Amino acid sequence: MVTVYFVRHCAAQGNVDGKFQGRIDCDITDLGRKQLDLLAVRLRNVPFAAVYTSPLVRARKTAEAVLRYHEGVPLYIEPGLIEIDLGKIDGMDWHEFPNIYPEAADAWYHHPWDFKAPDGESMKDVWDRVWGAVHEIIEKENEPGREKTLCLVTHGCALRNYLCRAKGLPIERFDEVPLTDNTGICKVRYDDAGVPEVLVVGDASHLTPELSVAKMMGWGAKKA
């Protein structure tokens, strides 16, 4: 049995500047560093066997914070956990998006399962990629009869796709999965047959209100 703590990365520059942030490799902010201090304390007593992270800076620094109070726990870079490739939208201001790419914006905000980034990934691409990456990790790490705990650090859109599928929902019900705040935690348990059970979604109780980017920015459920 494998229990997985999924952690969304801490606040990076694009999150607080109101810009789309897919593969663009923004550094974390001072707010993000404060979030990481609280996250590190929150997870200090969880017996992680390994931590896997997206290769982007904001995720890697979050993974390093997860391990701040752990010794000897391996950290692996997993490209399959990376955020959606937003192509020409990456780095664009949120308010500019509907004016420049109205059709893509309509899909993103109203039927995201149909979204395809100009010169980037579709939502279905992310749905399949992240699911496959997580299951490869579970197959590698699972030892029948033994309980093991992992941490996987990823991104907002990637995590929503994974959770939707782990809940047994079709991609057309993507909107039913809320966006997790920066450094928010989701928890999923896999049995020895590789079947997931979603236990926790979007727990950011370690954050004080002034450190919640979701509250500060007034994010809805459709921002990546």
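Because the structure is a prediction, the values reported are computed rather than measured. (Residues numbered from 1 in each chain as written. Predicted model: local features only at pLDDT ≥ 70, side-chain atom pairs only at ≥ 80, totals over all residues. Heavy atoms only, no water.)

1. Details of the overall build of the protein
Next, step 1: When helices and strands are tallied, the protein shows eight helices and six strands.
Next, step 2: Shown N-terminal to C-terminal, the secondary structure of the protein runs as helices and strands in the order β-α-α-β-α-β-α-α-α-β-α-β-β-α.
Next, step 3: Relative to the 2.2 N^0.38 estimate, which gives 17 Å for 224 residues, the radius of gyration of the protein is 17 Å and therefore close to what a compact globule would have.
Next, step 4: Its C-alpha atoms give the protein principal-axis dimensions of about 55 × 35 × 25 Å.
Next, step 5: The buried share of the protein, reckoned over its 224 residues, is 55%.
Next, step 6: Per element, the accessible surface of the protein, about 9500 Å² overall, is 49% carbon and sulfur.
Next, step 7: Charged side chains in the protein number 27 positive and 34 negative. The centres of these two groups are separated by 3 Å. (Helix = DSSP H or I, 4+ residues; strand = E, 2+ residues; numbered from the N terminus. Rg over C-alpha atoms; globule rule 2.2 N^0.38 Å. Buried < 20%, exposed > 50% of the residue type's maximum accessible area, 1.4 Å probe, protein only. Areas by Shrake-Rupley, 256 points an atom, 1.4 Å probe, with all protein chains shown as cover. Lys, Arg positive; Asp, Glu negative; His and termini not counted. Charge placed at Lys NZ, Arg CZ, Asp CG, Glu CD.)

2. A few points about the packing of helix 6 (residues 123–141) against helix 7 (residues 156–166)
Next, step 1: The interhelical angle for the contact between helix 6 and helix 7, taken along N-to-C directions, is 75°, at an axis separation of 9 Å. When the axes of helix 6 and helix 7 are compared, the pair comes out roughly perpendicular. Residue-level contacts link Met 123, Val 126, Trp 127, Asp 128, Val 130, Trp 131 and Val 134 of helix 6 to Cys 157, Ala 158, Asn 161, Tyr 162, Cys 164, Arg 165 and Ala 166 of helix 7.
Next, step 2: Class assignment of the residues belonging to the contact of helix 6 with helix 7 gives a composition of 11 nonpolar, one polar and two charged. (Axes fitted to C-alpha atoms, helices over the stretch in contact; angles between N-to-C directions. Parallel < 35°, antiparallel > 145°, perpendicular 65-115°, else oblique. Contact = heavy atoms within 4.5 Å. Nonpolar A, V, L, I, M, F, W, Y, C, P; charged D, E, K, R; others polar.)

3. A look at the confidence of the model for the protein
Next, step 1: A residue-level look at the protein finds 96% of positions with pLDDT of 70 or above and a mean pLDDT of 94.
Next, step 2: Counting interchain partners and residues more than four positions distant, the pLDDT-below-50 stretch residues 219–224 has 24 contacts. (pLDDT = per-residue confidence, 0-100.)

4. Description of the sheet that holds strand 3 (residues 75–77)
Next, step 1: Reading across the sheet, the six strands line up as 3-2-4-1-5-6 and stay open at both edges, with mixed pairing between neighbours. The two strands at the open ends of the sheet, each matched to only one other strand, are strand 3 and strand 6 (196–203). For this sheet, the mean inter-axis angle between neighbouring strands, taken without regard to orientation, is 20°.
Next, step 2: Relative to strand 6, strand 5 (residues 185–190) runs antiparallel, the two being bridged by five bridges. (Pairing = 2+ DSSP bridges.)

5. Some details on the nonpolar core
Next, step 1: By size, the foremost hydrophobic cluster in this structure holds 44 residues, and its most contacted members are Phe 6, Phe 97, Phe 115, Val 134, Leu 152 and Tyr 162.
Next, step 2: Of all the elements in the fold, those that place two or more residues in this core are strand 1 (2–8), strand 2 (48–53), helix 5 (102–110), helix 6, strand 4 (148–154), helix 7 and strand 5.
Next, step 3: Ranked by residue count, the leading element in this core is helix 6, at eight residues.
Next, step 4: In terms of nonpolar packing, the next biggest core, distinct from the first, is built from 19 residues, Leu 36, Phe 48, Cys 151 and Ile 185 among them. (Core = buried A, V, L, I, M, F, W, Y, C linked by side-chain atoms within 4.5 Å.)

6. Describing unusual backbone geometry
Next, step 1: The backbone of Asp 119 shows a phi angle near 60°, a positive value even though the residue is not glycine.
Next, step 2: Judged by relative accessible area, Asp 119 falls into the exposed class, the value being 61%.

7. What about the packing of helix 2 (residues 30–42) against helix 3 (residues 57–66)?
Next, step 1: For the pair helix 2 and helix 3, the least separation of the axes is 8 Å and the interaxial angle reads 40°. Between helix 2 and helix 3, the angle falls in the class oblique. At the point where helix 2 passes helix 3, the crossing takes the right-handed sense. In this structure, helix 2 contributes Leu 36, Leu 39 and Ala 40 to the contact, and helix 3 contributes Lys 61, Thr 62, Ala 65 and Val 66. (Left-handed = near helix turned anticlockwise from the far one by under 90°.)

8. Describing the environment of Lys 187
Next, step 1: Relative to the helices and strands, Lys 187 is located in strand 5.
Next, step 2: Here Lys 187 falls in the partly exposed class, since its relative accessible area comes to 23%.
Next, step 3: In sequence terms Lys 187 and Val 200 are 13 residues apart; their C-alpha atoms lie 4.8 Å from each other.
Next, step 4: Among residues more than four places away in sequence, those in contact with Lys 187 are Thr 3, Val 4, Tyr 5, Glu 197, Val 198, Leu 199 and Val 200.
Next, step 5: A polar side-chain atom of Lys 187 sits 3.4 Å from a polar atom in the side chain of Tyr 5. (Polar contact = N/O pair within 3.5 Å; in protein donor to acceptor, adjacent residues only side chain to side chain.)

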